[in-house]
Amino acid sequence: MKRLFSNAFYNHRHFFRRMCLIFAALALVSAINDFHTAEVVNDYISVPGYLTDVESFTTYRRLRQVTEYKYTVHWLYDGEEYTKRITAIEKPDLDLSTVRINAENTDMTMGNSKDIRISAFGSLAVSILLFIIWLFFYKMDKKRHNISRDEWSSIYYTSLVSSVVMLIGVIYSSVIVFKVEGKTMQSSMTTLLLVSVFAFVLSVIINRVARNKQ
């Protein structure tokens with residue numbers, strides 16, 4: 001059994017290593033986005049708020065059954081009441097008593113900078129751990145300086161698919177960043193746009209190198 005596992009790891013070590021690096025990068029992007037959002041939300045002010053019209057329903061995402069929630073958020077500011085309809089996969093806090101808004105009352109969030117930072121540090125810790133695992137795999141691979149033609153071919157097609165996906169991400173985030181309302185969402189989408197542009201350029205460069213190495 002031990003030998004079987006060792007052979008399986010040896011045959012797929014490149015796959016394990018790449019997946020660790022990809023997920024480390026994704027976790028890092030999530031951490032950067034959360035840190036940025038925390039800074040934006042840090043200057044928001046707390047106002048009284050509550051939830052009504054809470055609904056739950058089952059839907060399918062990526063062939064997986066999930067529960068989504070719809071609810072209305074109410075908040076009071078300068079003697080007036082405002083509302084916003086929310087759709088989310090996280091179960092809402094039915095005991096909600098305050099929300100946070102920016103000074104112009106153009107953006108509302110139910111989170112706070114402290115909780116968002118905690119989430120950011122968690123994502124950063126995951127990214128660091130995955131990078132360490134990738135580095136461990138990299139050092140174990142004695143043939144890392146002698147990539148075969150088949151491996152370059154695999155890298156070529158993988159980077160080609162990544163380039164297409166990242167290009168779609170650039171187009172999507174470019175459209176959304178100009179349409180989305182609220183500074184918090186604009187901040188998140190702007191971060192996604194910049195990361196998508198960087199990932200697209202990197203994928204194209206890797207693809208060109210792999211093409212010449214095949």
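Above: the structure in question.
Given the structure is predicted, the values throughout are model-derived calculations rather than measurements.

### With respect to the overall build of the chain
At step 1: Tallying secondary structure elements over the chain gives five helices and five strands in all.
At step 2: Helices (α) and strands (β) of the chain occur, in sequence order from the N terminus, as α-α-β-β-β-β-β-α-α-α.
At step 3: In the chain, which comprises 214 residues, the share counted as buried stands at 33%.
At step 4: Looking at the chain alone, contacts between residues at least 24 apart form 64% of all its contacts between residues at least 6 apart.
At step 5: Entry remark: accessible area of the chain is about 14700 Å², with carbon and sulfur atoms responsible for 63%.

### A short note on helix 3 (residues 113-140)
The α-helix winds at 3.6 residues per turn, so residues separated by three or four positions along the chain end up facing the same way.
At step 1: Along its 28 residues, helix 3 runs 40 Å from first to last C-alpha, staying within 8% of the 40 Å computed at 1.5 Å per residue.
At step 2: Of the residues making up helix 3, those classed as buried are S113, I116, A120, S123, S127, L130, W134 and F137.

### Some points on the nonpolar core
At step 1: V47, Y71, V73, W75, V99, I101 and M108 are the most contacted members of the largest nonpolar core, which totals 13 residues.
At step 2: Breaking this core down by element, the ones donating at least two residues are strand 1 (45-61), strand 2 (64-77), strand 3 (80-88) and strand 4 (98-101).
At step 3: No other element matches strand 2, which puts five residues into this core.
At step 4: In contact with V99, not counting residues within four places along its chain, are I45, S46, V47, G49, V73, W75, M108, T109 and M110.

Conventions adopted
- Residues numbered from 1 in each chain as written.
- Predicted model: local features only at pLDDT ≥ 70, side-chain atom pairs only at ≥ 80, totals over all residues.
- Heavy atoms only, no water.
- Helix = DSSP H or I, 4+ residues; strand = E, 2+ residues; numbered from the N terminus.
- Buried < 20%, exposed > 50% of the residue type's maximum accessible area, 1.4 Å probe, protein only.
- Contact = heavy atoms within 4.5 Å.
- Areas by Shrake-Rupley, 256 points an atom, 1.4 Å probe, with all protein chains shown as cover.
- Expected span 1.5 Å × (residues − 1).
- Core = buried A, V, L, I, M, F, W, Y, C linked by side-chain atoms within 4.5 Å.

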